[in-house]
Amino acid sequence: MKFAVITPAIITGSFTERVRFVSYLLFICLFILIIYAPLCHMVWLPNGLLGSYFGVKDFAGGTI
């Protein structure tokens, strides 16, 4: 979950003071639910799509 927090924080620097805070919170929630969580499951589960079929190895979370 550290990367789920760090990624939106990095994105914040590109549009600080240009976007309303409520829409930014909505973006963060949608990012975690639609992009981050499925990628985690595809890579980190033993029978995940990217991990088992394509041989993707992610030891430090950089792929996600």
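Residues numbered from 1 in each chain as written. Predicted model: local features only at pLDDT ≥ 70, side-chain atom pairs only at ≥ 80, totals over all residues. Heavy atoms only, no water.

**Student:** Got a minute to help me understand the environment of Y36 in this structure?
**Tutor:** Its place among the elements puts Y36 in helix α2 (residues 21–44). Classification of Y36 by relative accessible area gives buried; the value is 4%. Y36 sits 33 residues away from F3 along the chain, and the two C-alpha atoms are 8.9 Å apart. (Helix = DSSP H or I, 4+ residues; strand = E, 2+ residues; numbered from the N terminus. Buried < 20%, exposed > 50% of the residue type's maximum accessible area, 1.4 Å probe, protein only.)

**Student:** Is there a simple way to think about the confidence of the model for the protein chain in this case?
**Tutor:** On average, residues of the protein chain carry a pLDDT of 80, and 91% of them reach 70 or more. The least confident element of the protein chain is helix α1 (residues 2–12), whose mean pLDDT is 77; the most confident is α2, at 86. (pLDDT = per-residue confidence, 0-100.)

**Student:** Before we go on, may I ask you to explain the packing of aromatic side chains in this structure?
**Tutor:** How two aromatic rings sit relative to each other is given by the distance of their centres and the angle of their planes. This model, assessed by the stated rule, comprises two aromatic pairs. One aromatic cluster is present, formed by Y24, F27 and F31 through successive ring pairs. (Phe/Tyr/Trp six-rings, centres within 6.5 Å; stacked < 30°, edge-to-face > 60°.)

**Student:** How do you make sense of a nonpolar patch on the surface when you look at a structure like this?
**Tutor:** Among the surface-exposed residues, L26, L30, L33, I34 and I35 lie close enough to one another that they form a single nonpolar patch of about 510 Å² accessible area. Take L30: it is sitting in helix α2. (Patch = residues over 30% accessible without salt bridge, like charges linked within 9 Å, V, L, I, M, F, W, Y side chains within 5 Å. Areas by Shrake-Rupley, 256 points an atom, 1.4 Å probe, with all protein chains shown as cover. Salt bridge = Lys/Arg side-chain N within 4 Å of Asp/Glu carboxyl O.)

**Student:** What exactly am I supposed to notice about α2 here?
**Tutor:** Between its first and last C-alpha atoms α2 spans 32 Å; for 24 residues at 1.5 Å apiece the expected length is 34 Å, and the two agree. Largest kink in α2: about 35°, centred on I32. The complete set of buried residues in α2 reads Y24, I28, F31, Y36, C40 and V43. Its buried side turned inward, α2 meets α1 and α3 (49–53). (Expected span 1.5 Å × (residues − 1). Bend = angle between axes of the 7 residues up to and from the residue. Contact = heavy atoms within 4.5 Å.)

**Student:** Would you mind showing me how to read the state of the cysteines here?
**Tutor:** Among covalent bonds in proteins, the disulfide is the one between the sulfur atoms of two cysteines. Counted under the stated rule, the structure contains zero disulfides. For C29, which is in no disulfide, the shortest distance to another cysteine sulfur is to C40 and amounts to 16 Å. Given a relative accessible area of 46%, C29 falls into the partly exposed group. The class for C40 is buried, based on a relative accessible area of 10%. (Disulfide = S-S within 2.5 Å.)

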